[in-house]
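# Structure assessment
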Amino acid sequence: MTESYCNVALTVPLRTTFTYAVPEEMREHVQPGSRVLVPFRKKAMVGIVVEMTSEVPEGTKIREIHKALDLIPALTPKLLELGQWIASYYLAPVGEVFRAMLPPVTEISVKRQIVLTEPGRALAEKLKDGTTLTDLDGTEAEFLQRVLEKKEELTLGARGKVEITPEALQRLRRLGYLEIRETMQGRKRKMQHVVAWKGNIEPSAKLGEKEQRIRGLLETERGPLPMQQLLKLAQVSRALIERMLRDGLLEGWEEPIDPVADPFDTGYTPPAHTLNETQESAFNAIRARFELGEFGVQLLHGVTGSGKTEVYLRSVQDTLARGKTAIILVPEIALTLWIGRQCRAWFGARFEGVAVLHSALNDVERAREWWRVRNGAARVVVGTRSAIFAPLENLGLVIVDEEQENSYKQEETPRYHGRDVAIVRAKLENALALLGSATPSLETYHHAVNGKYELLTMASRVENRNLAAVEIVDLRTDFQQTQKANPVSQTLHAAIAECLSFQTQALVLINRRGYSWSVLCRSCGASVQCVNCSISMTYHKNRNRLECHYCGSIQTIPKACPKCESKYVYFFGEGSEHLEERLRKEFPGARIARLDRDTARTKQQYQETLGAFASGALDILVGTQMLAKGHDFQRVTLVGVISADSSLSLPDFRAAERTFQLLTQVAGRAGRGELPGRVLIQTYYPEHYAVQDAVRQDYVSFYERELHFRRMMMYPPFTSLANVIVRNANLENAIRWSRRLSEYLTPQSGKGVRILGPASAPLARLKKEHRYQFLLKSPKKSVLTKILSGALAFCDANEIPGTAVLVDMDPLSLL
Ligand code: ADP
Ligand code: ZN
Ligand code: ZN
């Protein structure tokens, strides 16, 4: 018997599902994981069927589903399970979790085709000739023949209407006579033809001069190239390339042109390397894990430039060869494009399809890529955080590159951590999770040391390149010598000058944008605060105004102190805009650009700047964190860090860890090519261990010292944290509700959990809302989960609105 009701998750801020009746004719299409259109209050909403049921909650009027939207359920059973885990672990409404997992509902239509299978076609032909008997009923038999006449394909209309009942259709499918394929209509993807060196060549064979040139380009200099580009670069005729393709010297494939261009896209894809010894042994350990065929987590701890990407790609290759699928998560969009390109070169057409998923795709593009994965056309997915929900079946491997990156954490509901979800997904799918980093998060490394994860180490750079030499510049000494508080010390100035004279490049990192990050009154000491947030305003000289970096509000530049009306208002704390101006003055001949959220407002600006730098059109690039990550600039010989202290002094228990990671990452940007690199870190606290260990690039030493601190302070990994914020624009509400909530929370303290608060949050006001905070600490996650779900139920029962209470499990920031 099929159940006649189902529980549906809807995108409403309620932590529950809703029961609907499934009309007779839809029963076959409504399964767990299917999207359905249902009436909710006075609207129609799209929801996800979580489970079928024959029970109806008492005393409620059950409404019927309007429409079944999927022929194959959008979510696989494993993804459904994953979504429910996320909802319960992160205390998020299940409907919102599923929404985050699914592609956007777009206007593009889904084309559904009915395709006969081999046995289906054989049967239909025999039926037509009248040469066989079958247990199909008349309509079914007739239908098969009709599909056959329509050249084996029958497009279902937008409503999925065919002259056969859905039950009969599903029956034919189950019997293996036909398949139902769904493809996204939408605009067609732009494709390009890419050519690579294949080299099916006799050792004795002689290549002509032009052929040599092509080989050089494709094999060593540039890697696989789009046809157009190859023709231009090699100055040869298309006919020659086509001949070489026919002769097996070259191979070619179609590759989609990404809607977001790769900033480094000079058409270059690094050629595949033979693994060196270090890489080989890491890869062997990964393969050995595959052999076990069970869930496991490995940490690939490899210094910057140790060639982790190559190990990832081999592992994906191995996964595909075993008939399984793979996901590669990367922390930012630019990296999806870069790794995506390499994946296409490796697996694109020759092996399996590759899909790229990131937030800069528009809805149509995202939906199209998503369904390509769901239909099995793509078997490798590269993407940012939410790509962990890619609907691959038979998942064998999930890679999380730079697993420590904050961008894996979603800072809105559902507040999940992509890396942690990756591990849970791997577990559900019996797959391998491979976390990679030069500076693993403390939690991850701790698990590796304890044997919960397997630790793989790559301690040297490829081709024995040296790590850049890192030096500390003590700003106190600099000040004593110069009597000037110049953010560019004498040492850094001299190093930049040297760079310019050798015509190499320099990166200068500063962690604040804007011109000055504080506006102070000399007379009364007041600083100009945002009207909406308890944070001081940043001065932007180019735009001639003050801005709040949290809520975006704007103020004019005050002529007098808003508090005491003194005229002695001054700007304090140099930001990136000021630094750029300073460097232009100090190095008048240099070509300088700045990269931060002000100059890179659009993807295009971002790409232009990075592209100009990569191509050598710039000498110095000034910028914020944006500069620190992943990029492989070959001609950078100097990296300067204006101040290591600004991130150390944040009121956050992860401050030292973040500083260490940032300094190590940015140091990894120098000396990646043939030229040796030098890194200068300016600081007022050269003794701090985060700085000291970053200088030595000694991760293990940092880990041990930081672990000691965490143990003393009872912070992760020794305890789990949850942050609860009660917020409202009305101060009295915020106070009242947080007091109310404390009636529930405070008595829980002591039972295996410590509960601090309610206290004013460090950011006491944000975007007009007043904020009060509880911090929960417990060695046991399950204890936190239980208390938090109790707290939310308490809020519901006591009319504390759901929107006023924000629960953050495993928070990255306590602000
Ligand atoms: P990581 O991610 O560990 O910082 P990458 O994967 O970016 O390092 O590799 C750094 C550089 O080394 C890349 O340019 C890559 O093409 C190159 N590379 C990787 N493996 C090898 C190898 N076995 N021999 C030579 N070069 C290699
Ligand atoms: Zn004043
Ligand atoms: Zn603000």
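The shown structure was predicted, so the numbers you read here are calculated from the model rather than taken from an experiment.

Moving on to the coordination of the zinc ion (ligand 3). Around the zinc ion (ligand 3), the donor atoms from the protein are Cys 530 (SG), Cys 533 (SG), Cys 548 (SG) and Cys 551 (SG), and they sit 2.2 to 2.4 Å away. Taken together, the 4 donor atoms coordinating the zinc ion (ligand 3) and their angles of 100 to 116° define a geometry best described as tetrahedral. One chain supplies every donor to the zinc ion (ligand 3), and in sequence these donors are spaced C-x2-C-x14-C-x2-C.

Let us look at the coordination of the zinc ion (ligand 2). Protein-derived coordination of the zinc ion (ligand 2) comes from Cys 521 (SG), Cys 524 (SG), Cys 561 (SG) and Cys 564 (SG), at a distance range of 2.3 to 2.4 Å. Relative to the metal, the 4 donor atoms surrounding the zinc ion (ligand 2) lie at angles of 106 to 113°, and the coordination shape comes out tetrahedral. Summarised as a motif, the one-chain spacing of the donors to the zinc ion (ligand 2) is C-x2-C-x36-C-x2-C. Using a relative accessible area of 3% as the deciding quantity, one classes Cys 521 as buried.

Our next topic: the sheet that holds strand 1 (residues 5-10). The 6 strands are arranged 5-2-1-4-3-6 in an open sheet whose pairing can be described as mixed. Among the strands making up the open sheet, the edge pair consists of strand 5 (63-64) and strand 6 (67-68). With 4 bridges connecting them, strand 1 and strand 2 (residues 18-21) associate as antiparallel partners. Bridge pairing links Val 8 to Phe 18 in strand 2. Packing against the sheet, helix 2 (residues 94-101) makes contact with strand 1 and strand 4 (43-53), and its axis sits at approximately 75° to strand 1.

What follows concerns the packing of aromatic side chains. A ring pair, where both rings are aromatic, is described by two values, the distance of the centres and the angle of the planes. For the structure shown, the criterion picks out 17 aromatic pairs. Consider the rings of Tyr 445 and Tyr 699, whose centres lie 4.8 Å apart with planes at 70°: the pair is edge-to-face. With Tyr 445 in helix 14 (residues 442-449) and Tyr 699 in helix 22 (residues 699-713), this pair connects stretches of sequence that are 254 residues apart. For the pair Tyr 445 and Tyr 699, a shared accessibility class is recorded, and that class is buried. Here the aromatic rings of Phe 653 and Tyr 715 are separated by 4.3 Å at their centres, their planes lie at 5°, and the arrangement is stacked. Residue Phe 653 is located in the loop between helix 19 (645-648) and helix 20 (655-667), and its partner Tyr 715 is located in the loop between helix 22 and strand 31 (720-728); the two are separated by 62 residues in the primary sequence. You can call Phe 653 buried: its relative accessible area is 6%. Over the face of the ring belonging to Tyr 570 we find Arg 522, whose NZ or CZ atom lies 3.8 Å from the ring centre. Over the aromatic face of Tyr 715 sits the side chain of Lys 777, whose NZ or CZ is 4.2 Å from the ring centroid.

With that settled, the discussion passes to the pairing of strand 30 (residues 678-683). Of all 6 residues that make up strand 30, 5 are buried, and the element is covered over most of its length. Direction of pairing for strand 20 (residues 469-474) relative to strand 30: parallel, over a ladder of 6 bridges. Opposite Val 470, over in strand 30, you have Val 679 as the bridge partner. Strand direction decides the pairing type here: strand 29 (residues 636-641) and strand 30, joined by 4 bridges, are parallel. Note that in strand 30 the partner of Val 639 across the bridge is Val 679.

Around ligand 1, the structure places 17 residues, and the nearest of them are Thr 274, Gln 279, Gly 305, Lys 308 and Thr 309. Between ligand 1 and the protein, one listed contact pairs a nitrogen atom with a side-chain N or O atom of Gln 279 at 2.8 Å. One nitrogen or oxygen atom from the main chain of Ser 306 is found 3.2 Å from an oxygen atom belonging to ligand 1. Look at ligand 1: alone it shows 570 Å² of surface, and the protein chains cover 83% of it. Ranked by the residues each element gives to the shell around ligand 1, the list is headed by helix 10 (residues 308-321), at 3 residues. Partitioned by chemical class, the residues of the shell around ligand 1 number 3 nonpolar, 9 polar and 5 charged.

Let's shift gears to the environment of Leu 292. Tracing the chain through its elements places Leu 292 in helix 9 (residues 277-292). The exposed category is assigned to Leu 292, whose relative accessible area is 52%. When the C-alpha atoms of Leu 292 and Leu 432 are compared, they prove to be 10.0 Å apart, with 140 residues separating the residues in sequence.

It is worth spelling out the nonpolar core at this point. As a rule of thumb, soluble globular proteins bury nonpolar side chains together. Ranked by size, the top nonpolar core spans 114 residues in total, and within it Phe 98, Leu 621, Leu 741 and Leu 776 carry the most contacts. Once you skip the residues sitting within four places of it in the chain, Leu 776 turns out to touch Ser 720, Leu 721, Ala 722, Val 724, Arg 754, Ile 755, Leu 784, Ile 787 and Leu 788. Core analysis: the next-biggest nonpolar cluster, separate from the first, contains 29 residues, Ile 286, Phe 290, Tyr 312 and Trp 346 among them.

In any sheet, the strands associate via hydrogen bonds between backbone groups, in a parallel or an antiparallel arrangement. Taken together, 6 strands build an open sheet; the order of strands is 20-30-29-21-28-27 and the sheet is parallel. Edge positions in the sheet fall to strand 20 and strand 27 (592-595), since each has one partner strand and no second. The sheet shows a mean angle of 20° between the axes of neighbouring strands, taken without regard to direction. Strands strand 20 and strand 30 of the sheet are contacted by helix 15 (residues 475-482), whose axis makes an angle of about 50° with strand 20.

Under the defined criterion, the tally for this structure stands at 4 cavities of 30 Å³ or more. Of the pockets and cavities examined, the largest cavity occupies roughly 60 Å³. In terms of lining residues, the largest cavity is bounded by Leu 509, Ile 510, Asn 511, Val 641, Ser 643, Ala 644, Ser 647, Leu 662 and Leu 663.

Let us now look at helix 2. Most of helix 2 sits out of view: 6 of its 8 residues are buried. Along helix 2, the positions that sit buried rather than exposed are Val 94, Gly 95, Glu 96, Val 97, Phe 98 and Met 101. Turning to helix 2, the residues buried within the fold contact strand 1, strand 4, helix 1 (77-89) and helix 12 (363-374).

At a minimum axis separation of 10 Å, helix 1 and helix 13 (residues 418-429) run at an interaxial angle of 140°. Comparing their axes, helix 13 and helix 1 come out oblique. Judged by the twist between their axes, the crossing of helix 1 over helix 13 is right-handed. Only Val 421, Val 424, Arg 425, Leu 428 and Glu 429 of helix 13 make contact with helix 1, whose side of the interface consists of Lys 78, Leu 79, Glu 81, Leu 82, Trp 85 and Ile 86. Residues that form the contact of helix 1 with helix 13 fall into these classes: 7 nonpolar, no polar and 4 charged.

About the criteria used
- Residues numbered from 1 in each chain as written.
- Chains lettered and ligands numbered in written order.
- Predicted model: local features only at pLDDT ≥ 70, side-chain atom pairs only at ≥ 80, totals over all residues.
- Heavy atoms only, no water.
- Donors = N, O, S within 2.8 Å, 3.2 Å for Na, K, Ca; no water.
- Tetrahedral: all angles 85-135°; square planar, octahedral: opposite > 155°, others 65-115°.
- Buried < 20%, exposed > 50% of the residue type's maximum accessible area, 1.4 Å probe, protein only.
- Pairing = 2+ DSSP bridges.
- Helix = DSSP H or I, 4+ residues; strand = E, 2+ residues; numbered from the N terminus.
- Contact = heavy atoms within 4.5 Å.
- Axes fitted to C-alpha atoms, helices over the stretch in contact; angles between N-to-C directions.
- Phe/Tyr/Trp six-rings, centres within 6.5 Å; stacked < 30°, edge-to-face > 60°.
- Lys NZ or Arg CZ within 6 Å of the ring centre and 35° of its normal.
- Near = heavy atom within 4 Å.
- Polar contact = N/O pair within 3.5 Å; in protein donor to acceptor, adjacent residues only side chain to side chain.
- Areas by Shrake-Rupley, 256 points an atom, 1.4 Å probe, with all protein chains shown as cover.
- Nonpolar A, V, L, I, M, F, W, Y, C, P; charged D, E, K, R; others polar.
- Core = buried A, V, L, I, M, F, W, Y, C linked by side-chain atoms within 4.5 Å.
- 1 Å grid on protein atoms, 1.4 Å probe; cavity = no way out; pocket = protein on both sides within 12 Å on 5 of 7 lines; lining within 4 Å.
- Points joined across faces, edges and corners; volume = space filled by probe spheres on them.
- Parallel < 35°, antiparallel > 145°, perpendicular 65-115°, else oblique.
- Left-handed = near helix turned anticlockwise from the far one by under 90°.

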